[in-house]
Number of protein chains: 2
Amino acid sequence: MKSAKISEAVVRRLPIYLQALNELHSREIGTVSSQELGQRLDLNPAQIRKDLAYFGEFGRKGIGYDVIYLIEKIRQILKVNQTINVALVGAGNLGLALCNYNKYSKDNMKITAVFDDNPQKIGTKINNLLVQPMDELVETVKQGEIRIGIITVPAVEAQNVANRFVEAGIEGLLNFAPGILRVPEEVRVQNADFTRELLSLAYYLNQDEEEDEDGSTLD
Amino acid sequence: MKSAKISEAVVRRLPIYLQALNELHSREIGTVSSQELGQRLDLNPAQIRKDLAYFGEFGRKGIGYDVIYLIEKIRQILKVNQTINVALVGAGNLGLALCNYNKYSKDNMKITAVFDDNPQKIGTKINNLLVQPMDELVETVKQGEIRIGIITVPAVEAQNVANRFVEAGIEGLLNFAPGILRVPEEVRVQNADFTRELLSLAYYLNQDEEEDEDGSTLD
DNA sequence: TAGATTGTTAATCGATTAACAATC
DNA sequence: TAGATTGTTAATCGATTAACAATC
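Everything numeric in this text was worked out from a predicted model, so none of it was measured.

Enquirer: Please give an account of the UniProt feature "DNA-binding region" (unreviewed entry) in chain A that cites residues and values.
Expert: Here, UniProt's "DNA-binding region" (unreviewed entry) annotation points to residues 16-55 of chain A. What you have in residues 16-55 of chain A is 70% helix and 5% strand, and the ends, taken at the C-alpha atoms, are 16 Å apart.

Enquirer: Explain the protein's contact with DNA strand D to me, using residue names and the numbers behind them.
Expert: For DNA strand D, the set of nearby residues contains 24 residues, the closest of which are Gln47 of chain A together with Ser34, Arg49, Gly59 and Tyr65 of chain B. The sugar-phosphate portion of DNA strand D accounts for 64% of its atoms within 4 Å of the protein, the bases making up the rest. The contact in question runs from a phosphate oxygen of DNA strand D to an N or O atom on the backbone of Phe58 of chain B, over 3.0 Å. For the surface near DNA strand D, the secondary-structure elements that each account for two or more residues are α1 (8-26) and α3 (45-53) of chain A together with α3 (45-53), β2 (59-60) and β3 (64-66) of chain B. It is α3 of chain A that provides the largest number of residues to the surface near DNA strand D, a total of 4 residues. Residues that form the surface near DNA strand D fall into these classes: 5 nonpolar, 9 polar and 10 charged.

Enquirer: A description of the UniProt feature "binding site: NAD(+)" (unreviewed entry) in chain A should follow, citing residues and the corresponding values.
Expert: Residue and element names in this part refer to chain A. Under the UniProt annotation, "binding site: NAD(+)" (unreviewed entry) lies at Gly90, Ala91, Gly92, Asn93, Leu94 and Gly95. Look at Ala91 and you get buried, because its relative accessible area is 7%. Among the structural elements, Gly92 can be located in the loop between β4 (84-89) and α5 (93-104). Those residues in contact with Gly92 that lie beyond four places of it in its chain are Asp116 and Lys121.

Enquirer: Please give an account of the protein's contact with DNA strand C that cites residues and values.
Expert: Within the structure, DNA strand C sits among 24 residues, and Ser34, Arg49, Gly59 and Tyr65 of chain A together with Gln47 of chain B are positioned closest to it. Backbone sugar and phosphate groups make up 64% of those atoms of DNA strand C lying within 4 Å of the protein. Interatomic distance of 3.4 Å between a side-chain N/O atom of Glu57 of chain A and a sugar or linking oxygen of DNA strand C. Elements with a minimum of two residues in the surface near DNA strand C: α3, β2 (59-60) and β3 (64-66) of chain A together with α1 (8-26) and α3 of chain B. Ranked by the residues each element gives to the surface near DNA strand C, the list is headed by α3 of chain B, at 4 residues. Grouping the constituent residues of the surface near DNA strand C by class yields 5 nonpolar, 9 polar and 10 charged.

Enquirer: Tell me about the relation of the copies chain B and chain A, and name the residues and values.
Expert: Rotating chain B by 180° and moving it 0.0 Å along the rotation axis overlays it on chain A with an RMSD of 0.0 Å. This pairing of chains is accounted for by a two-fold axis. A symmetric contact is evident, with 100% of the interface residues of chain B recurring at the interface of chain A.

Enquirer: Please provide a residue-by-residue account of the sheet that holds strand β8 (residues 146-151) of chain A, values included.
Expert: Adjacent strands of a sheet pair through backbone hydrogen bonds, lying either parallel or antiparallel. Residues and elements named next belong to chain A. Taken in spatial order, the 7 strands line up as β6-β7-β5-β4-β8-β9-β10 in an open sheet, and their pairing is mixed. What marks the edges here is a single partner per strand, and that holds for β6 (125-126) and β10 (188-191). Inspection of the sheet shows β8 paired to strand β9 (residues 172-175) by 4 bridges, in the parallel sense. Across the sheet, residue Ile150 finds its bridge partner in β9, namely Leu174. Of the strands in this sheet, β4, β8 and β9 are in contact with helix α7 (residues 155-167), which crosses β8 at around 175°.

Enquirer: Can you tell me about helix α4 (residues 67-78) of chain B, naming the residues and giving the values?
Expert: Residues and elements named next belong to chain B. Between its first and last C-alpha atoms α4 spans 16 Å; for 12 residues at 1.5 Å apiece the expected length is 16 Å, and the two agree. For α4, the set of buried residues is Val67, Leu70, Ile71, Ile74, Arg75, Ile77 and Leu78. One side of α4 holds all its buried residues, which, seen down the axis, span an arc of 160°. The N-cap of α4, judged by a side-chain oxygen 3.3 Å from the amide nitrogen of Ile68 a few residues on, is Asp66. Two residues or fewer past α4, Lys79 is found with a positive phi of approximately 70°.

Enquirer: Which residues make up the pattern of salt bridges, and what are the values?
Expert: In the structure shown here, the tally under the stated rule is 14 salt bridges over all chains. In this structure, Glu171 of chain A and Arg147 of chain A form a salt bridge, with 3.0 Å as the shortest nitrogen-oxygen distance. With a gap of 24 residues between them, Glu171 of chain A in the loop between α7 and β9 and Arg147 of chain A in strand β8 connect regions that are remote in the sequence. For the residue pair Glu171 of chain A and Arg147 of chain A, the accessibility class agrees, reading buried in each case. Of the charged contacts, one joins Glu23 of chain B and Arg40 of chain B as a salt bridge, the two residues approaching to 3.3 Å between their closest N and O atoms. Of the two residues, Glu23 of chain B is situated in helix α1 and Arg40 of chain B in helix α2 (residues 34-41); the sequence distance between them amounts to 17 residues. Taking the relative accessible area as the measure of exposure, Arg40 of chain B reaches 25% and is therefore partly exposed. Members of the salt-bridge network, linked through shared partners, are Glu23, Arg27 and Arg40 of chain A.

Enquirer: Lay out the interface of chain B and chain A in plain terms, naming residues and giving numbers.
Expert: Taken together, the contacts link 59 residues of chain B with 59 residues of chain A. Carbon and sulfur atoms make up 64% of the surface buried where chain B meets chain A, a total of about 5700 Å² over both sides. For the pair chain B and chain A, the number of links is 2 salt bridges. For the salt bridge of Asp42 of chain A with Arg182 of chain B, the shortest nitrogen-to-oxygen distance reads 3.6 Å. Elements supplying a minimum of two residues to the side of chain B that touches chain A: α1, α2, α4, α5 (93-104), β8 (146-151), β9 (172-175), β10 (188-191) and α8 (194-203) of chain B. Looking at which element gives the most residues to the side of chain B that touches chain A, the answer is α8 of chain B, with 10 residues. Looking at the side of chain B that touches chain A, its residues break down into 32 nonpolar, 13 polar and 14 charged.

Conventions and cut-offs
Residue positions are given per chain, counting from 1 as you read along its sequence in written order. Chains carry letters and ligands carry numbers; both start at the beginning, A for chains and 1 for ligands, and go up in the order they are written. For this predicted model, a pLDDT threshold of at least 70 governs which residues receive local features, and a threshold of 80 or more governs which side-chain atom pairs are given and counted, while totals over whole chains, interfaces and linings are taken from all residues. Water and hydrogen atoms play no part in the side-chain values, which are based on all heavy atoms of the structure. UniProt positions are given in the numbering used here, feature names are shortened, and annotations may be inferred rather than shown by experiment. What counts as a helix is a DSSP run of H or I of at least four residues, what counts as a strand is a run of E of at least two, and both are numbered from the N terminus. Only a single heavy atom is needed: when it lies within 4 Å of a molecule or strand, its residue is near that molecule or strand. N or O atoms closer than or at 3.5 Å make up a polar contact, with two conditions inside protein: a donor-capable atom paired with an acceptor-capable one, and, for residues adjacent in sequence, both atoms drawn from side chains. Charged residues are taken to be Asp, Glu, Lys and Arg, nonpolar residues to be Ala, Val, Leu, Ile, Met, Phe, Trp, Tyr, Cys and Pro, and polar residues to be all remaining types, Gly included. Three exposure classes are used, based on accessible area relative to the maximum for each residue type with a 1.4 Å probe and protein chains only: buried under 20%, partly exposed in between, and exposed over 50%. Here, two residues are considered to be in contact whenever any of their heavy atoms come within 4.5 Å of each other. The copies were overlaid with a least-squares fit restricted to C-alpha atoms from residues scoring a pLDDT of at least 70 in each copy. Note on pairing: DSSP must find at least two bridges between two strands before they are called paired. Every axis corresponds to a line fitted to the C-alpha atoms, with the helix fit spanning only the stretch in contact, and the corresponding angles, defined between N-to-C directions, vary from 0 to 180 degrees. Take the number of residues in a helix, subtract one, and multiply by 1.5 Å to get its expected span. Throughout, the arc means that of the directions going from the helix axis to the C-beta atoms. Note on definitions: salt bridges are taken to be side-chain nitrogens of Lys or Arg within 4 Å of carboxyl oxygens of Asp or Glu. Reported buried area values correspond to the accessible surface (1.4 Å probe) lost by two parts on association, with both partners' losses combined.

Take a look at the structure:
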C-alpha cells in the first residue's frame, strides 16, 4: 500500500489541514467533520476526505475525525513527527526572520546551522547559533544530519549555494531567491519567491480607469 | 476580447515567464522560442504558447517571441507597467527584508508606507520611510492610493490587520502569517506562509530508515 | 431506529499536451 | 523553397466533485 503516487496538489493541502486542526485543537475541539473543515478552509468536503483517504482510514463514519488523532497522522505523513535538521544560508534580515520564527515553531523542524559569506557576520550569533563560513557547509551538513536547506541569499548567489547543498547530499531546498534553481531530480526544490506572489497579485487588481469606451467590461 | 476567465495556474506562470525573459534580456538575447523557454523552465512549449495566446498574439511564426516586446506585454498584463503603491504592516525582520528588497526591485511596485503597533518602532525610519502607528493605516492607505497590503505580523494579529486593510479599501493582500484570512471576496489574498512550504517539503524527504521488512518499497 | 458522516466509485470538469495548418 | 515556429483545435490526462453504500 501507499504505492499510488500522490499528486502535488494533495501534498500542498496537507499543511493547510494541519494548521486548521492545530487551531481546532487549541480551541479544545475534539472532533471535526470534513464538512466543517471544508467550510473553514473553503474546500470541498469530498476533496478533504479523498485527500486523507490516500493515506489511510482516519475518520469514523457518522462521527467525523478525531482532531488529535488526525493531527498525529498528518504529522506522520509529512514526516514532521520526527526531528528534521535544517540549514540556512544567508544571515540577512530574511534569514534572521526565519531563525526567529523557528524558535517558536511547534513542529520538529529545527534550524541547526547558519551560513554566510560575509566576514562581518561569520562568528556572530543568531539565537545561539554561530554563523559559519560557506567553506564549512558541506562538512557541517553531512555531520549534522541536515536534510533541508533554506536559501536566503541574493539571486546571483543562489545557484552556487544550491550546488554546495547538493554536494553535501541535501534532500530538499526551500529557495527564497528569485529565479530557477538547477538541481539533480532527486533533490526537491520548493520556491518561496515572494516577488512572484506579488506579481500575480497585481494581475488581480482592478483595471485602472483606462479610456474604457463602453462600460460593459466584465460579464 | 479578454473576456474568457483566465485560470490561476496561468496567472501564476506569467511572473515566471517574466523572470526568465528578464534574464534573457540581461544576456542580450533578443528572440526566444516557446521551445527554448520551455526547456529553461521545465514547461511544455505548447503550454507557454497557449498561456500567452490568452492575452494576444505576441509571437511571430517561424521566428519566436521578441524578448523586449514580450516583457513589455507581460508587464502590461500583470499591471506592473504602472506604479503600484504597497503598504507593509509589521516592521520586524521579515518586514525589513521586504523593504530592503523593494529598494532594488526593477518593477514598479513600491512600498510607500510601513506600520507597526510597537511604540518602540513607531517613528523610526526604514529606508526613508517613517514607521506609522496602526491608527493611521486606513487614512494613509486611502490618501496614498495604496492598492496592495503586505502582512508580516504574528499569526494572532493577522486577521485584525487584514480587517483594517479591507476597511481602507485595499484590493490585494500578501499574507506571510500562517493561517486563513477572512476577507470579502473582492479582495484578493495571496498566501506566502513559508511554514506551509517547509511542511510540504518534508513530505518529499526520503523515508527514514524505519524497520522496512522487505526492501522493495518504491516501484 | 434515524441522522450523520465516512470512504470510495463514477461523473464532471478543467488543465495539459499533441498535432497541425498558417506563415514567417 | 525548406525549415522553423506560432496560434489553435482536438485529444488526453488528471483533478475535483457528486453520489451513495457502509456504518457509527
